[in-house]
Amino acid sequence: MTSIELEAKTSYDAAGKPVVAHADDALDVVGFRKRVELTDEDSKRIVRKTDRVILTVLVWVYFLQILDKSVLGYGATFGLQTDTHLQGNEYSLVGSIAPIAQLAWQPFSSFLIVKVPHRILMPALCLGWGIAQTLMAACHDFKGLMAARFFLGLFEAGCLPLFSVITSQWYRRAEQPIRIAAWYGTNGAATIIAAALSYGLAHIKSNVLQEWQIIFLFVGLVTIVSSPIVYWRLDNDIPSARFLTEEEKPQAIERLRANQTGTGNREFKLKHIIEAALEPKTYLWIGMAMLLNVGASVTNTFGPLILNGLGFDKYTTTLLNMPFGAIQIIVILLASYLAQKARIKGAILAAFILPVIAGLVILYVLPRTHKVQGPLIVGYYLLAFLFGGNPLIVTWIVGNTAGTTKKSVIMSVYNAASSAGNIVGPLLFNKKDAPAYHPGLRGCLGIFIALFCVVFIQWVNLIFLNRLQERKRVVNGKKAKVVDHSMQSHYHAADEGNVEEQAQVRIGDNAFLDLTDRENDEFVYIY
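Residues numbered from 1 in each chain as written. Predicted model: local features only at pLDDT ≥ 70, side-chain atom pairs only at ≥ 80, totals over all residues. Heavy atoms only, no water.

K.L.:
Explain the environment of Gly403 here, please?
P.N.:
Mapped onto the elements, Gly403 comes out in the loop between α18 (389-399) and α19 (404-427). In this structure, the C-alpha to C-alpha distance between Gly403 and His272, residues 131 residues apart in sequence, is 7.2 Å. (Helix = DSSP H or I, 4+ residues; strand = E, 2+ residues; numbered from the N terminus.)

Pasting the structure below:
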């Protein structure tokens, strides 16, 4: 696009303020030719308004997704396996079919995230998995459960990559860890609420519905009712945001200049896919996601059964999972806070893997007797530290990936790897190994040791990539070192480079060109 075209696309109101009609116009206003005046107070005000609208929607919908997914374990506690005549590893297969559907649907998810407006895509997915969850209450055999869980997984497939992309398009990199923790932290809240709901709903006496059917029906209907509310509240992007004024829209985009990751684009670019496919760090993300989510699936699908194997009845088992959810919330928020303050995400992630390894060792070594129930519960609760891993990995990926298509593809690949982990996890545990589940615990232990090693390799890889970026900047006539202002907690007008640098080569002009992290020599990798 020429400078004359850029000038023609920007219109102004009677007061001389730029009028933003759509995304391209907004980028013209704040793009590489003209920068918008923005103070720290303006930035804080925009963040508060974004939190009230966008973050609220993300938190609620992600909570519903985890709630719908996690009630399967409580259904098993309250007679699902007996009433539906599940044999052998059929319950494990029911737990694995949803991530299988997610894995199969990921290529379509990455395309839909780029091409379909988020205000349409999110409520559509929400409605789809809500219907699937509701229909699970009508299942009476293995085939019915498999079909319902398949569609549940299919509609949930785009959830995590979509949420990650939305977070990156509305927040600075320094703001992203806590926001990702806010919506991903609902893992813990959903665990607590699912336990409380299951305990309460299971006490309802009915001649028509079994306890597990009442639980499935309730959470499914809540999700269905939420779908139109999500459509009403959510906005597609900054230029079309109804909660921002015309003056605030260009400022909101200017805030994100230092991210060097763009603010969204509707063009699906093949070269972004090729670049992602050729990068070693893509496969390290895949390894991290798959290994971590083997453990996460175990706690979601088999957590209540593991507790039940410690010698508690079904009602006590349900209540004992509530502290597990509380620990999840604390761990997720703590991990994200430390990552934001220390800015060394790899070291924080590795540190949070160690308690998980310790918990698995305790569960594997100790016998299932009443004398050691306390230590066994402690061992189980230590597994909650693994939930600090996913938001850190998501933050790591989002902060180290630029280009709309590349980011949607990487996040879809991440979700596919997570799905693969969710498939493998339940299959490690077989009904015949109850109540100790030693083979499954032994497998998980090896997996988390491998995860620790992969995190270290990625950390070294990102340091190496920054060295390559420095060489590239020198060749292009820029200073080797670029200060990463996107990781500062406060916005400053001088964030985008000092006067001396700008006199030579304008720093920050590549921010909204939808370049990938490898194409943009101003991009700084965070590790």
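The structure having been displayed, the exposition proceeds.
K.L.:
What is the right way to look at the pattern of salt bridges in this model?
P.N.:
Pairing between side chains becomes possible if they bear opposite charge and their charged atoms approach one another. Under the definition given, this model contains 17 salt bridges. Two residues, Asp235 and Arg242, come together in a salt bridge whose shortest N-O distance is 2.7 Å. On the basis of relative accessibility, which here comes to 5%, the residue Asp235 falls in the buried class. Arg242 gets classed as partly exposed once you look at its relative accessible area, which sits at 45%. The partner of Glu279 in a salt bridge is Lys406, with the nearest N and O atoms 3.0 Å apart. One end of the pair, Glu279, is in the loop between α13 (270-278) and α14 (280-308); the other, Lys406, is in helix α19, and 127 residues separate them in sequence. Like Lys406, Glu279 is buried. Connected through shared salt-bridge partners, Glu275, Glu279, Lys281, Lys406, Asp517 and Arg518 make up one network. (Salt bridge = Lys/Arg side-chain N within 4 Å of Asp/Glu carboxyl O. Buried < 20%, exposed > 50% of the residue type's maximum accessible area, 1.4 Å probe, protein only.)

K.L.:
How do you make sense of the nonpolar core when you look at a structure like this?
P.N.:
In globular proteins that are soluble, nonpolar side chains generally tend to be buried together. Counting 127 residues, the largest nonpolar core has Met122, Phe163, Trp170, Phe216, Met288 and Phe448 as the members making the most contacts within it. Among the elements that make up this core, the one with the highest residue count is helix α3 (residues 40-77) (17 residues). Once you skip the residues sitting within four places of it in the chain, Phe163 turns out to touch Leu58, Val61, Tyr62, Met122 and Trp183. (Core = buried A, V, L, I, M, F, W, Y, C linked by side-chain atoms within 4.5 Å. Contact = heavy atoms within 4.5 Å.)

K.L.:
When you look at the side chain of Ser227 in this model, what are you seeing that I'm missing?
P.N.:
Within the element layout of this structure, Ser227 appears in helix α11 (residues 211-233). Taking relative accessible area as the criterion, Ser227 reaches 6% and is therefore assigned buried.

K.L.:
Hey, could you run me through the packing of α3 against helix α6 (residues 118-136) in this one?
P.N.:
How two helices sit against one another is set out by the angle between their axes and by the gap between those axes. At a minimum axis separation of 11 Å, α3 and α6 run at an interaxial angle of 25 degrees. Classified by the angle their axes make, α3 and α6 are roughly parallel. The two elements α3 and α6 meet at a crossing, and its hand is left-handed. Taken together, the residues of α6 that come into contact with α3 (itself represented by Val57, Leu58, Val61, Leu64, Gln65, Asp68, Val71 and Leu72) are Met122, Cys126, Trp129, Gln133 and Met136. Of the residues in the contact of α3 with α6, the class split is 10 nonpolar, two polar and one charged. (Axes fitted to C-alpha atoms, helices over the stretch in contact; angles between N-to-C directions. Parallel < 35°, antiparallel > 145°, perpendicular 65-115°, else oblique. Left-handed = near helix turned anticlockwise from the far one by under 90°. Nonpolar A, V, L, I, M, F, W, Y, C, P; charged D, E, K, R; others polar.)

K.L.:
Explain the packing of helix α9 (residues 176-184) against α18 here, please?
P.N.:
Relative orientation of the contacting elements α9 and α18 amounts to 135 degrees, with a least axis distance of 9 Å. Between α9 and α18, the crossing angle belongs to the class labelled oblique. Both α9 and α18 take part in a crossing whose hand is right-handed. Across from Gln176, Pro177, Ile180 and Tyr184 in α9, the residues of α18 making contact are Asn390, Pro391, Val394, Thr395, Val398 and Gly399. Tallied by class, residues from the contact of α9 with α18 come to six nonpolar, four polar and no charged.

K.L.:
Would you mind going over a nonpolar patch on the surface with me for this structure?
P.N.:
Taken together, the side chains of Ile330, Leu334, Tyr337 and Leu338 define a hydrophobic patch exposed on the protein surface, amounting to about 360 Å² of accessible area. Mapping Tyr337 onto the fold places it in helix α15 (residues 314-342). (Patch = residues over 30% accessible without salt bridge, like charges linked within 9 Å, V, L, I, M, F, W, Y side chains within 5 Å. Areas by Shrake-Rupley, 256 points an atom, 1.4 Å probe, with all protein chains shown as cover.)

K.L.:
What's the story with the packing of aromatic side chains in this structure? I'm lost.
P.N.:
Each aromatic ring pair is summarised here by two numbers: the centre-to-centre distance and the angle between the ring planes. Taken as a whole, this structure holds 17 aromatic pairs when the rule is applied. An aromatic cluster is built from Tyr62, Phe163, Trp183 and Tyr184, whose rings are joined through pairwise contacts. (Phe/Tyr/Trp six-rings, centres within 6.5 Å; stacked < 30°, edge-to-face > 60°.)

K.L.:
Whenever I open this one, the environment of Val455 confuses me. Can you help?
P.N.:
Mapped onto the fold, Val455 is located in helix α20 (residues 438-475). Residue classification places Val455 among the buried positions, given a relative accessible area of 1%. For the pair Val455 and Leu349, spaced 106 residues apart in sequence, the C-alpha separation works out to 7.6 Å. Those residues in contact with Val455 that sit more than four places away from it in its chain are Met288, Gly346, Leu349, Ala350, Ile353 and Trp396.

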